[in-house]
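What the coordinates show
Below are the chains, spelled out letter by letter.
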Amino acid sequence: MDRRKKIYLGTNTKMYKTTAQTVAFLKRLNQLTKDISRDRMELFVIPSYPSLAAARESVPRQSVSLGAQNMAWEEEGQFTGEISPLMLQEAGVDLVMVGHSERRHVFRETNEEENKKVLCALKAGLSPLLCVGETAGEKGFGIAEEVIRTQLKIGLYGVMPCEARKIRIAYEPVWAIGVNGEPASKEYADQIHTVIRRTLTELFGAEAGGDVPVLYGGSVNPQNAEELIWMPGIDGLFIGRSAWDADNFNAVIRKVLPVFEEKRAGEGAE
Ligand code: PGA
């Protein structure tokens, strides 16, 4: 895999959209983007658990990858209310989000728990999308980089370099997410992406660590998407509210794709 060859674009629909709404959204998104070769773009949607099977039926796997919003860290057992990676596999899921800010902060998940989920997802052949991000308080104390490095080093502990190609990282500062969020500036986002890349190469070596896609998320919108994707360290965008309407998501895709490709062409020319 060469992460530089394509852009990574996805959305997590959180606890919104019924199964019928998810299916309608996916069909429309697939229809609107069918002219874009998937060699140029990895497109993924992370809907609610109950909609996953119907979602998988509604659009081809090669066009839209599906993710789950969370997962247990065991394949089976006495874990009432939890969802196993085997159940996700059966539903046709490709990736699983681990450690979204709302899991860490509303449900108090720890780095050690995220690590167990990452390892369990890999064992089941799923791609973990590990989300990392500092709170406003941590940023205020000047420890954002330490927090991110800690989340990565614990979250990815025990992952082998040969498994790294399955991993995706989303940098989502907690203060940037959701209706009260303030998007990160492009300079700040890129600075943290550089720290993430350095940490990944430290963990997996230059080749495998250099190949893990790192996406930015947190109040991405039609106004800031282009300037964010232009930054050298940003491989893709992980979008919430601005992507929940298929037409709006398609509009963002159309804006960022040429900017991304121009950026990569410029890098190639250097
Ligand atoms: P937002 O959500 O784009 O609505 O801020 C981002 C996220 O939670 O992943």
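Chains are numbered independently. Their residues run from 1 in the order of the written sequence. Local features are withheld for residues below a pLDDT of 70 in this predicted model, meaning they are given only at 70 or higher, and side-chain atom pairs are given and counted only at 80 or more; totals for whole chains, interfaces and linings count all residues. Derived side-chain values reflect all non-hydrogen atoms in the structure, with water molecules and hydrogen atoms excluded from consideration.

Put simply, the test is: UniProt positions are given in the numbering used here, feature names are shortened, and annotations may be inferred rather than shown by experiment.
Where an unreviewed UniProt entry is consulted, the protein appears under the name Triosephosphate isomerase, with the organism given as Caproicibacter fermentans. Per UniProt, the protein carries the Catalytic activity (unreviewed entry) text "D-glyceraldehyde 3-phosphate = dihydroxyacetone phosphate".

1. Remarks on the site of the ligand
Quick note on the threshold: Only a single heavy atom is needed: when it lies within 4 Å of a molecule or strand, its residue is near that molecule or strand. In protein, a polar contact means a hydrogen-donor-capable atom and an acceptor-capable atom, both N or O and within 3.5 Å, with residues adjacent in sequence counting only if both atoms are side-chain atoms; elsewhere, any N or O pair within 3.5 Å suffices. Residue burial considers only the protein chains on display, and all accessible areas are found by Shrake-Rupley using a 1.4 Å probe.
Around the ligand sit K14, H100, E172, A176, I177, G178, G218, S219, G240 and R241, and those are all the residues in its vicinity. At 2.6 Å from an oxygen atom of the ligand is found a side-chain nitrogen or oxygen belonging to E172. Between G240 and the ligand, the recorded distance is 2.9 Å, taken from a backbone N or O atom to an oxygen atom. In the complex, 100% of the free accessible area of the ligand, which totals 280 Å², lies under the protein chains.

2. Let's talk about the nonpolar core
Rules: In this text, buried Ala, Val, Leu, Ile, Met, Phe, Trp, Tyr and Cys residues form a nonpolar core when linked through side-chain atoms within 4.5 Å. Relative accessibility decides the category of a residue: with a 1.4 Å probe and only protein chains considered, values under 20% of the type maximum give buried, values over 50% give exposed, and everything between is partly exposed. Secondary structure elements are defined from DSSP: runs of H or I of at least 4 residues count as helices, runs of E of at least 2 residues count as strands, and each element is numbered from the N terminus. We call two residues contacting when some pair of their heavy atoms lies within 4.5 Å.
One finds L156, I169, I196, Y216 and L237 to be the most contacted residues of the largest nonpolar core, which totals 67 residues. Sorting elements by how many residues they give to this core places helix α10 (residues 246-269) first, with eight residues. In this structure I169 touches L129, L130, V132, L152, L156, I196, L200, V212, P213, V214 and L215, once residues within four positions along its chain are discounted. With 10 residues, the next largest nonpolar core counts I46, L95, L129 and F238 among its residues.

3. Focus: the side chain of N224
Along the polypeptide, N224 turns up in the loop between β7 (214-217) and α9 (225-229). Under the relative-accessibility criterion, N224 is labelled buried at 9%. For N224, the residues in contact, after removing those within four places along its chain, are P183 and S219.

4. Concerning the pairing of strand β4 (residues 95-98)
This is how it is decided: Pairing between strands requires that DSSP locate at least two bridges from one strand to the other. With strands facing away from the observer, any crossover in which the path from the first strand over the helix to the second runs clockwise is taken as right-handed.
Every second residue of β4 is oriented toward a common face, with L95 and M97 on one face and V96 and V98 on the other, all of them buried. Where strand β3 (residues 65-68) and β4 come together, two bridges link them in parallel fashion. For G67, the partnering residue across the bridge sits in β4 and is L95. As for the winding sense of the linkage, the β-α-β connection from β3 through helix α3 (residues 85-90) to β4 is right-handed.

5. Topic: the UniProt feature "binding site: substrate" (unreviewed entry) in the protein
As recorded in UniProt, the sites labelled "binding site: substrate" (unreviewed entry) are N12, T13, K14, G178 and S219. The greatest C-alpha distance among the residues just named is 14.2 Å, despite their covering 208 residues of sequence, which places them together in space. Mapped onto the secondary structure, T13 falls in the loop between β1 (7-12) and α1 (19-33). Not counting chain neighbours up to four residues away, the residues in contact with T13 comprise I46, P47, S48, Q69 and W244. Along the chain, the position of K14 falls in the loop between β1 and α1. According to the relative accessible area criterion, K14 is buried, its value standing at 15%. What K14 contacts, discounting residues up to four positions off in sequence, is I46, Q69, H100, E102, I177 and W244.

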